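Survey of secondary and tertiary structure
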Amino acid sequence: MKKIYLYGNWKMNMLPEEGEEFCRSLADRISGRLYGSDCVDICLFPPFLAIPAVLKALPAGPVSAGAQDGYFEDRGAFTGAVSMAMVRSVGCSHVLVGHSERRHIFGETNEVVARKLEKALNSGLKTVLCFGETLEEREGGKTIQVVQDQLLSAFQSVPEVRARDLVLAYEPVWAIGTGKNASPDDAQEVCAFAAKLALEAFGSGSLIPVLYGGSVKDSNAAELLSRQDIHGALVGGASLKVDSFLAIYENYRKAFAG
Ligand code: 13P
């Protein structure tokens, strides 16, 4: 039975005290065999200012915390930016790079994403590289080309020895926050393609998980997570409440793993 990655991106939600409360309630829910570290890997991505409170309250077990972004320079005159070293120094183990909201709202190019990825991995962070096409690109039949461009430009900057700290997350832009998830077949097709590119780039020594994100919730989780090349979910809205977040994993387990 495969291990499921259950990653929650809180985006610009949750005050420090709300994050702490979330962790307390998470702690009450995740004891027992179902939540062994061989079964599930949970990571929370709070906004920067809530990270210390979340880390302090993080329950024991397979749960870690990361930042939603980080800059590629170490220090200097970069108002508003937070470096990967800073992310690491407060105790985060993970970071997201290339989220579609960073690409499309904040104008990050593939080149910026590649520089962030390199810095994150060299800082010792497990790094979730997000990628995915817009609706216009999908409807124009360009999904595979766009995904290939995003991944190959980023892969060039991955130091070979750090490839094992890479996680991929396919998040079609049109499925994020819209309630419209990709069909399990479409998600599987793109995740399999990403896995193939990663295998070609890094070899079979680094088994790189591929997550799906975009309107994942309890009702669609089992179908998506059961697909061969989908190793987990990067969850936005449904990660803000412990019940809806854990239901994603629990529904998959109920449906396919007994
Ligand atoms: P939703 O689950 O709210 O669609 O967000 C997905 C996402 O962007 C996670 O990074």
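Only a predicted model underlies this, so the values are computations on that prediction, with no experimental measurement involved.

This part covers the packing of aromatic side chains. Applying the stated criterion across every chain, the model contains 10 aromatic pairs. Here Y5 and Y7 contribute two aromatic rings whose centre-to-centre distance is 6.0 Å and whose plane-to-plane angle is 75°, an arrangement assigned as edge-to-face. Judged by its relative accessible area of 17%, Y5 falls in the buried class. Take Y7: its relative accessible area is 1%, and that puts it in the buried class. An aromatic cluster is built from Y5, Y7 and F45, whose rings are joined through pairwise contacts.

By size, the foremost hydrophobic cluster in this structure holds 67 residues, and its most contacted members are L129 and L168. Ranked by the residues each element gives to this core, the list is headed by helix α8 (residues 184–202), at 8 residues. Other than its neighbours up to four places away in sequence, L129 contacts V97, R103, V113, L117, L151, A154, F155, L166, V167, L168 and A169. Core analysis: the second largest hydrophobic core is formed by 11 residues, Y7, F45, A169 and L211 among them.

Rules behind the numbers
- Residues numbered from 1 in each chain as written.
- Predicted model: local features only at pLDDT ≥ 70, side-chain atom pairs only at ≥ 80, totals over all residues.
- Heavy atoms only, no water.
- Phe/Tyr/Trp six-rings, centres within 6.5 Å; stacked < 30°, edge-to-face > 60°.
- Buried < 20%, exposed > 50% of the residue type's maximum accessible area, 1.4 Å probe, protein only.
- Core = buried A, V, L, I, M, F, W, Y, C linked by side-chain atoms within 4.5 Å.
- Helix = DSSP H or I, 4+ residues; strand = E, 2+ residues; numbered from the N terminus.
- Contact = heavy atoms within 4.5 Å.

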